[in-house]
Amino acid sequence: MSGVQHIEITEDEAGQRLDRALRKRFPQVTQGMVEKFCRKGELRLDGKRVKASDRVEEGQKVRVPPLPAGQAPAPVRVEVETIADADARMIQEAVLWQDEHIIALNKPPGLPSQGGSGQGNRHVDGLTEALKFGYKDRPVLVHRLDKDTSGVLLLARTPRIARRLGEAFRNRSTRKIYWAIVAGVPSPAMGTVRFGLVKTGGHGAEKMRCIHPRDIDDTIGAKRATTDFAVLERLGSRAAWMALVPITGRTHQLRAHMAELGHPIVGDGKYGGSGQENLGDGWGAQLGGDISRKLHLHARSIRFTHPITGDEINLTAPLPSHMARSWKTLGWRESDVPADPFEDL
């Protein structure tokens, strides 16, 4: 066994998942070992506890606990799992735009961004081998979307590009607009939600609870969150087509914020309840009839400055099939609304 080591993340490793960076440095380390080190708090990043899936940045210091000597017995080090042909075609067909630095996907609903227990490699991060397109390395995720949220998702072809795009997201110099259908019609028709968010806790429960702005500083674990919203169209008082802009990027932010306003996103069983009837009072996450019971939340567009060329890139993702059918049923047309309803404010 080796002793405790302290290593520094290099430029080439920046943007990678922690587990992958470690397994490249230490061939004798298995995935199970990394996850065990994380659970026990023996593996630390800049002195803090981490998860195996956390992304690392250049210059960060990693505390590595004692490791077994020698190489792992073959074939422990398996870098790429086999990807089903159908999954490879699916993720390649999801490519919305690409150049030599960046790939943009129109992520299908129901496909997780990253893996979890029992999911195998059927998530975006696990399918990136099919997105190499002749390049040496697999692209890496720059941000995430919830499993049931569709739309624009960026991947970087190199750790350097991942780091620059990650900085752009953290500095809020990117602009993302989501489309949703919500129960009822918010009033006023345009505004900002500033409720903080805190995890509710509980085994296997990743659900956020809204905290009034005045109570955020006094609530352990609460983080500030801001969402701009605008009503684009309405169905009487029963439902509204919304444009949502997450100024911050918290877990389930848009879903929790709209539910807190009394207008949950249609199809959101986690935050909107399971009621089928919605008579216009704003509650009940199902509209009934021909409207799909799936989540109606879509990352419609993204605008960012290209980290290499300096060009402004504007990308728009077509609606997934279940949302397109809902738009047709309700008589709404995508061409009837502005791409960015907040642009002139």
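Heads up: the structure comes first, above all this text.
The shown structure was predicted, so the numbers you read here are calculated from the model rather than taken from an experiment.

A. Here's a closer look at the pattern of salt bridges. Going through the model one piece at a time under the given rule, you end up with 16 salt bridges. Across the pair Arg55 and Asp125 runs a salt bridge, and its minimum N-O distance is 3.5 Å. Of this pair, Arg55 sits in the loop between β3 (48-49) and β4 (61-64) while Asp125 sits in the loop between β6 (102-107) and β7 (140-141), and the two are 70 residues apart along the sequence. Looking at Arg55, the relative accessible area reads 24%, which means it is partly exposed. The exposure class of Asp125 is buried, given its relative accessible area of 1%. Across the pair Asp340 and Arg175 runs a salt bridge whose closest N-O atoms are separated by 2.9 Å.

B. Layout of the packing of aromatic side chains. Applying the stated rule across the entire model yields five aromatic pairs. On the basis of an interplanar angle of 80 degrees and a centroid distance of 5.0 Å, the ring pair of Trp179 and Trp241 is categorised as edge-to-face. Taken together, the residues Trp179 in strand β9 (residues 175-183) and Trp241 in strand β14 (residues 239-246) connect sequence positions 62 residues apart. In this structure, Trp179 and Trp241 share a single accessibility class: buried. Considering the side-chain rings of Trp179 and Trp327, the 6.3 Å spacing of their centres and the 15 degrees angle between planes classify their relative orientation as stacked. Linking Trp179 in strand β9 with Trp327 in helix α7 (residues 321-330), this pair joins segments that are 148 residues apart in sequence. For the pair formed by Trp179 and Trp327, the shared burial category is buried. Ring-pair connections join several aromatic residues into one group, and the members of that group are Trp179, Trp241, Trp327 and Trp332. The ring of Tyr135 has Arg157 lying over it, and the distance from NZ or CZ to the ring centre is 4.1 Å. Over the ring of Tyr271 we find Lys207; its NZ or CZ atom is 5.4 Å from the centre of that ring.

Cut-offs applied
- Residues numbered from 1 in each chain as written.
- Predicted model: local features only at pLDDT ≥ 70, side-chain atom pairs only at ≥ 80, totals over all residues.
- Heavy atoms only, no water.
- Salt bridge = Lys/Arg side-chain N within 4 Å of Asp/Glu carboxyl O.
- Helix = DSSP H or I, 4+ residues; strand = E, 2+ residues; numbered from the N terminus.
- Buried < 20%, exposed > 50% of the residue type's maximum accessible area, 1.4 Å probe, protein only.
- Phe/Tyr/Trp six-rings, centres within 6.5 Å; stacked < 30°, edge-to-face > 60°.
- Lys NZ or Arg CZ within 6 Å of the ring centre and 35° of its normal.

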